[in-house]
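# Summary of the model geometry
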Amino acid sequence: MIRLIVNGQERSFQSPIDVRGLLDALGLGDTLVAVERNREIVPRAEYASTPLEENDEIEIVHFVGGG
Amino acid sequence: MNDDLLRIGEFEFKSRLFTGTGLYPDTATMRGALEASACEMVTVAIRRVDLSDRSSESIASTLIEGGYTILPNTAGCYTAEEAIRTAKLARELLDTPLIKLEVIGCKKTLFPDITETLKAAQILVKDGFTVLPYFTDDPVAARKLEEMGCAAVMPLAAPIGSGLGIQNPANLEIIVEQANVPVIVDAGVGTASDAALAMELGVDAILMNTAIARADDPIGMAKAMRYAVEAGRLAYRSGRVPKKLYATASSPLQGIIGSKHQ
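Now for a quick tour of the structure. Small disclaimer: the values here were computed from a predicted structure and weren't measured. (Residues numbered from 1 in each chain as written. Chains lettered and ligands numbered in written order. Predicted model: local features only at pLDDT ≥ 70, side-chain atom pairs only at ≥ 80, totals over all residues. Heavy atoms only, no water.)

### Things to note about the overall build of chain A
If you tally the helices and strands in chain A, you get 1 helix and 5 strands. Counted from the first residue to the last, chain A has its helices and strands arranged as β-β-α-β-β-β. Relative to a compact globule of 67 residues, whose C-alpha radius of gyration would be 11 Å, chain A shows 12 Å and is just as compact. For chain A, the C-alpha atoms occupy an extent of roughly 40 × 25 × 20 Å along the three principal directions. Here chain A holds 67 residues, and the buried ones make up 39% of them. Put simply, 48% of the contacts in chain A that link residues at least 6 apart link residues at least 24 apart. Counting every atom, chain A has about 3400 Å² of accessible surface; 44% of that belongs to carbon and sulfur. In chain A, 6 side chains carry a positive charge and 12 a negative one; their mean positions are 3 Å apart. (Helix = DSSP H or I, 4+ residues; strand = E, 2+ residues; numbered from the N terminus. Rg over C-alpha atoms; globule rule 2.2 N^0.38 Å. Buried < 20%, exposed > 50% of the residue type's maximum accessible area, 1.4 Å probe, protein only. Contact = heavy atoms within 4.5 Å. Areas by Shrake-Rupley, 256 points an atom, 1.4 Å probe, with all protein chains shown as cover. Lys, Arg positive; Asp, Glu negative; His and termini not counted. Charge placed at Lys NZ, Arg CZ, Asp CG, Glu CD.)

If you want it as structure tokens, here you go:
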């Protein structure tokens, strides 16, 4: 298992895991999102080639109604 | 008025009304209001995905299928650093250079922090963003933002969500007079006459959210705002008559029946 901080919450996932695997595990595989890993943007094309490490801080954002 | 296109960076708009997508009672009402407003660009906010509750209805499909140009904002940011981080996430998310830069300096008034706004604008422009900054209606700040390379300047008319209308028409006029980029009134409009007045002052467009979304009938108000913006723009382009203290008759003074002269 690997422990990650996702959107401020501590969560455990099967190891090894990359960004693509994380999004799938969270049910976000088909959702339009943007991802930051330790404050660096992970480009969409690199999801499957970005392995995650213990204690990585991940932000997953989308857009919502706003003015 | 198809010859009257609005250009912002590489983008072109027929409609001079931009609308927010927040505060609507539901997505169907938002969709109806956007259609009634005939707007082409809409703002959205960037937020964390709620991992524990995925039930909330997404507006993404409505906006993407509707063909709207999406203008992400940095609402909720209080420092240049937070705003830049949000802007970069927005660019990755939406594959757009557009960003509505909003760096707030006061929770109560939601007035912008101009120092942080200028700092963020400079960095974002250098990074290739098409920056549309929200700022207080200050002609000096407007000039500085333009000189930095912002694609438009977006002075507030009154505090966000206040509906107070155009509080300082003189400042807006000065900003319009000196600007070489589009001037977009962002925030403070309450009803249709506010929108018409702003357009008559010569601003290039208006961005509003609360005035439409929180009206009793958002779809009706969206339509009213569409016509107000169009009417105000047409009046501005048509050149109003000068104001005079005394009357000038509209009908001929000669040949009045029963008069002693010809």
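### Observations regarding the packing of helix α5 (residues 139-148) of chain B against helix α6 (residues 169-178) of chain B
Residue and element names in this part refer to chain B. Across the interface, α5 lies against α6 with an axial gap of 9 Å and an inter-helix angle of 30°. Comparing their axes, α6 and α5 come out roughly parallel. Regarding α5 and α6, the two cross each other, and that crossing is right-handed. Only Asn171, Ile174, Ile175 and Gln178 of α6 make contact with α5, whose side of the interface consists of Pro139, Ala142, Arg143 and Glu146. (Axes fitted to C-alpha atoms, helices over the stretch in contact; angles between N-to-C directions. Parallel < 35°, antiparallel > 145°, perpendicular 65-115°, else oblique. Left-handed = near helix turned anticlockwise from the far one by under 90°.)

### Focus: the side chain of B:Asp194
Residues and elements named next belong to chain B. Mapped onto the fold, Asp194 is located in helix α7 (residues 192-200). For the buried residue Asp194, which engages in no salt bridge, the nearest side chain bearing the opposite charge is Lys243, 14 Å off. Ignoring anything within four residues of it in the chain, the contact list for Asp194 reads Gly163, Gly165, Ile166 and Val189. (Salt bridge = Lys/Arg side-chain N within 4 Å of Asp/Glu carboxyl O.)

### With respect to the nonpolar core
Core analysis: the largest hydrophobic core is formed by 69 residues, its most contacted members being A:Phe63, B:Leu63, B:Ile206, B:Met208 and B:Met225. If you tally residues by element for this core, the top one is helix α3 (residues 80-94) of chain B, at 8 residues. Leaving out residues up to four positions away in the same chain, B:Met225 has contacts with B:Leu17, B:Val189, B:Gly190, B:Thr191, B:Ala192, B:Ala195, B:Met208, B:Ala211 and B:Ile212. A:Leu4, A:Phe13, A:Leu23 and B:Leu51 belong to the second largest nonpolar core, which has 19 residues in total. (Core = buried A, V, L, I, M, F, W, Y, C linked by side-chain atoms within 4.5 Å.)

### Describing the environment of B:Val241
All names here are of chain B. Structurally, Val241 can be placed in the segment after α9 (218-238). Overall, Val241 belongs to the exposed group, its relative accessible area being 60%. Once the C-alpha coordinates of Val241 and Asp3 are considered, the two residues, 238 residues apart in sequence, prove to be 24 Å apart.

### Let's talk about the packing of aromatic side chains
Any pair of aromatic rings gets described here by the distance separating the centres and the angle formed by the planes. All names here are of chain B. Applying the stated criterion across every chain yields a total of 1 aromatic pair over all chains. Seen in terms of ring centroids, Phe13 and Phe18 are 5.2 Å apart; in terms of plane orientation they differ by 70°. Their pairing is edge-to-face. Residue placement shows Lys100 over the ring face of Tyr134; its charged tip is 5.8 Å from the ring centre. Over the aromatic face of Tyr78 sits the side chain of Lys107, whose NZ or CZ is 4.7 Å from the ring centroid. (Phe/Tyr/Trp six-rings, centres within 6.5 Å; stacked < 30°, edge-to-face > 60°. Lys NZ or Arg CZ within 6 Å of the ring centre and 35° of its normal.)

### Let's talk about the pattern of salt bridges
Residues and elements named next belong to chain B. Enumeration according to the criterion identifies 18 salt bridges over all chains in this entry. As a salt-bridge pair, Glu12 and Arg7 come within 2.8 Å of each other at their nearest N and O atoms. Glu147 is the salt-bridge partner of Arg143, the closest N and O atoms lying 3.8 Å from each other. Here Arg143 pairs with Glu147, and both are found in helix α5, just 4 residues apart, close to one helical turn. We classify Arg143 as partly exposed; its relative accessible area is 38%.

### Looking at the environment of B:Ile175
Residue and element names in this part refer to chain B. Among the structural elements, Ile175 can be located in helix α6. Sequence separation between Ile175 and Val153 is 22 residues; the distance between their C-alpha atoms is 9.0 Å. Ignoring sequence-local partners within four residues, the contact set of Ile175 consists of Phe135, Asp137, Asp138, Pro139, Ala142, Val153, Pro155 and Val183.

### A few points about the packing of helix α4 (residues 114-126) of chain B against α5(B)
All names here are of chain B. Two elements in contact, α4 and α5, have axes whose closest approach is 9 Å; the angle formed by their N-to-C orientations is 15°. With respect to α5, the axis of α4 lies roughly parallel. Here α4 and α5 pass one another in a crossing that is right-handed. The segment α4 lies against α5, with Ile114, Thr117, Leu118, Ala121, Gln122 and Val125 engaging Ala141, Lys144, Leu145 and Met148. Broken down by class, the residue content of the contact of α4 with α5 amounts to 7 nonpolar, 2 polar and 1 charged. (Nonpolar A, V, L, I, M, F, W, Y, C, P; charged D, E, K, R; others polar.)

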